[in-house]
Amino acid sequence: MQTVSLPNRFYPKGIQLFIIVVTAVSAAVLELIDVSIVNVAIRDISGSLGATTEEVSWVITAYAISNLIIIPLTGLLSSYFGRKNYFTYSIILFTAASFMCGLAENLPLLIFFRFVQGLGGGALLSTAQGIIFEAFPPEKANTGTAFFGMGIVIGPALGPTLGGYIVDNFSWEWIFFINVPIGLIATLLSIRYIKDQGEVKRPKTIDWMAIIFLAVGVGSLQYFLEEGNDKDWFSDKAILYTFMAALIGIGWFVWIELRRQRPTVDLKLVKRTPNLKVGMLLNFIVGLVLFGTVFTWPLLAQISLGWTATMTGESLMPGALITAVTLAFTGKMIERGIDPKYFIVTGFLVLFCFVSLMYFQSPDSTMKSTFFPLLIRGVGLGMLITPIITLSIQGLRGADLNQGTGLTNMTRQLGGAVGIALINLYINHRQSTHINDLSVDTNQGFEVVGQVYEGNVNLFLANGFDLGGAQAMALRSMEGSIQAQALLLSYLDSFAFVGLLCILAIPLAFLFRTPKGGVGKVKVLE
């Protein structure tokens, strides 16, 4: 049994603990919902503000950039303001920016307030994790982690569902207005119930140079990942320059921080905490799988299967609910002494089963045929999140906990951005390959191809086309079918790509160090 000696701490119980957890989780869910809720409203915003869909995509990019900038600074800002104050200020900022987004009458204003909203939202994610983690005594820390994990999974799944319902039944402004009442309630609960654990130790100085390099580096990296595929990567000068800015900014930031006695982001914590290093890498992969599959599945469902945005969102919700159950079960089992590494290995294997089943979907797939695979996805994610978070920040307290949660959440968000970029690139590559392969099969004159062609010609003749026009329309119809089939196959290939990453990630679980007697077997000396 491991013994941990901690300063005298206050651990809330009963209704107070429930309110603290609900407040923190709701804040984290709000942040993650807004990562994806705008995606389904791009066309409506474009028509309303008179902008192109490419210009409106900056509404998504601005939020992602500010998210990635602020998350690693959570440790510093929590120490400067105090965790309670920083959490409360962030909810207020997020809520006010959401309200202003809904009122925005032009695209520049909307993009600006989305950037501000992302600053508030990114702060909520890591701060909420620290609040939940320290609301539970060490021997119950896995329970707290399970609650936070629910927000991580439910948020991205609920975003497209809620966004689709609002767009289908109301107007796009309400995807922002809906945050206001929840934000106001969370603010009042935070003021009343959230407390700082221990004395607030405000840093004497702030290294603004490091913050500037961090903002330039990660902001440019996020833009590079978000926009690179649409602009054909390095053939576009803006992408090339932002890539160079990302390398220079991140490089100088790391160089500065490793030489500071009191760094803005304590990168030395990664060096002296082996589990944090492994956890950051696995969080990166989990982010890739989580956000990558949430990115691919709606495209497959809406473009290849013809589902509505609401149907697509509804298909993800049972998996999100089973994730909540799996998270709770996993946390309890870890508290009873089961090695978390076993759950990590099992979780990646379960996700491999999910992507294997998705690989064999077809144009005839229905809600019923995809229900079980998406349910399996929920189980796999539920087995991964609690043990990875638990082992990543094991033993960290106070300022180190703030820094650790900021770094792990940053790598998860970055993994999602990299995953979406890689998967998008892979889909485009595989689509070109499949179009070439299917075109070759068509040109070789297989009997079934000829029958389909003749059937199309006769169909267009029956609709009043002359023979030449009917033949031209039949060829176009065949080309359209080839492109649609190639796109479906490329989506399915992207699931195989994710499956390979899941298998490659399994050995990393054994790099974690666990205390003797198990993570849940901790004796606490107050």
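Whatever comes next refers back to the structure up there.
Worth saying up front: this structure is predicted, and the values here are computed from it rather than measured.

Caption draft 1: View of the overall build of the protein. Helix and strand counts for the protein come out as 20 helices and 2 strands. Counting all 526 residues of the protein, 55% fall into the buried class. Excluding contacts between residues fewer than 6 apart, the proportion of contacts in the protein whose partners are at least 24 apart in sequence is 83%. Accessible area for the protein stands at about 22,900 Å²; split by element, carbon and sulfur atoms hold 65% of it.

Caption draft 2: Structural view of a nonpolar patch on the surface. Together, F234, L240, Y241, M244, L247, I248, W252 and W255 line one region of the surface with nonpolar side chains, adding up to about 850 Å² of accessible area. Following the sequence through the fold, I248 ends up in helix α12 (residues 237-257). Taking the relative accessible area as the measure of exposure, I248 reaches 49% and is therefore partly exposed.

Caption draft 3: Molecular detail of the nonpolar core. The biggest cluster of nonpolar side chains holds 130 residues, and the ones touching the most others in it are V38, L110, L282, W297 and F348. Counting residues per element, this core draws most heavily on helix α14 (residues 274-304), at 12 residues. Those residues within four positions of V38 in sequence are excluded, and the remaining contacts are I45, V59, I60, R114, I175 and F176.

Caption draft 4: Structural view of the side chain of T370. Relative to the elements of secondary structure, T370 occurs in helix α17 (residues 367-392). For T370, a relative accessible area of 0% gives the class buried. From its side chain, T370 meets the backbone oxygen of T366 in a polar contact 3.1 Å long. Setting aside residues no more than four positions away along its own chain, T370 makes contact with W297, W307, Q361 and S365.

Caption draft 5: The arrangement of a positive patch on the surface in detail. Together, K268, K271, K277 and R513 give the surface a local cluster of positive charge. As for its position among the elements, R513 is in the loop between α20 (467-505) and β2 (522-525).

Caption draft 6: Representation of the packing of aromatic side chains within the structure. One pass over the structure, following the stated rule, counts 11 aromatic pairs. On the basis of an interplanar angle of 45 degrees and a centroid distance of 5.8 Å, the ring pair of F99 and F177 is categorised as tilted. Of this pair, F99 sits in helix α6 (residues 83-103) while F177 sits in helix α9 (residues 174-177), and the two are 78 residues apart along the sequence. For F99, a relative accessible area of 38% translates into the label partly exposed.

Caption draft 7: Spatial organisation of the packing of helix α1 (residues 14-36) against helix α10 (residues 179-193). The N-to-C vectors of α1 and α10 enclose an angle of 145 degrees; their axes lie 10 Å apart at closest approach. Here α1 runs over α10; the crossing is left-handed. Where α1 abuts α10, its residues Q16, I19, I20, T23, S26, L30 and D34 lie against N179, I182, G183, A186, L189, S190 and Y193.

Caption draft 8: The environment of V116, seen in detail. By the secondary structure assignment, V116 is in helix α7 (residues 107-135). Sequence separation between V116 and A97 is 19 residues, and the spatial gap between their C-alpha atoms is 6.2 Å. Setting aside anything within four residues of it in sequence, one finds V116 in contact with L93 and A97.

Caption draft 9: Region of the structure containing the side chain of S490. Mapped onto the elements of the fold, S490 is located in helix α20. On the basis of relative accessibility, which here comes to 0%, the residue S490 falls in the buried class. A polar side-chain atom of S490 sits 2.6 Å from the main-chain carbonyl oxygen of L487. Other than its neighbours up to four places away in sequence, S490 contacts I427, R430, Q431 and H434.

Caption draft 10: Molecular detail of the pattern of salt bridges. The full count for this structure, using the stated rule, is 1 salt bridge. The partner of D493 in a salt bridge is R430, with the nearest N and O atoms 2.8 Å apart. Residue D493 is located in helix α20, and its partner R430 is located in helix α18 (residues 398-443); the two are separated by 63 residues in the primary sequence. Given the relative accessible area of 22%, R430 is considered partly exposed.

Thresholds, definitions, all that
- Residues numbered from 1 in each chain as written.
- Predicted model: local features only at pLDDT ≥ 70, side-chain atom pairs only at ≥ 80, totals over all residues.
- Heavy atoms only, no water.
- Helix = DSSP H or I, 4+ residues; strand = E, 2+ residues; numbered from the N terminus.
- Buried < 20%, exposed > 50% of the residue type's maximum accessible area, 1.4 Å probe, protein only.
- Contact = heavy atoms within 4.5 Å.
- Areas by Shrake-Rupley, 256 points an atom, 1.4 Å probe, with all protein chains shown as cover.
- Patch = residues over 30% accessible without salt bridge, like charges linked within 9 Å, V, L, I, M, F, W, Y side chains within 5 Å.
- Salt bridge = Lys/Arg side-chain N within 4 Å of Asp/Glu carboxyl O.
- Core = buried A, V, L, I, M, F, W, Y, C linked by side-chain atoms within 4.5 Å.
- Polar contact = N/O pair within 3.5 Å; in protein donor to acceptor, adjacent residues only side chain to side chain.
- Lys, Arg positive; Asp, Glu negative; His and termini not counted.
- Charge placed at Lys NZ, Arg CZ, Asp CG, Glu CD.
- Phe/Tyr/Trp six-rings, centres within 6.5 Å; stacked < 30°, edge-to-face > 60°.
- Axes fitted to C-alpha atoms, helices over the stretch in contact; angles between N-to-C directions.
- Left-handed = near helix turned anticlockwise from the far one by under 90°.

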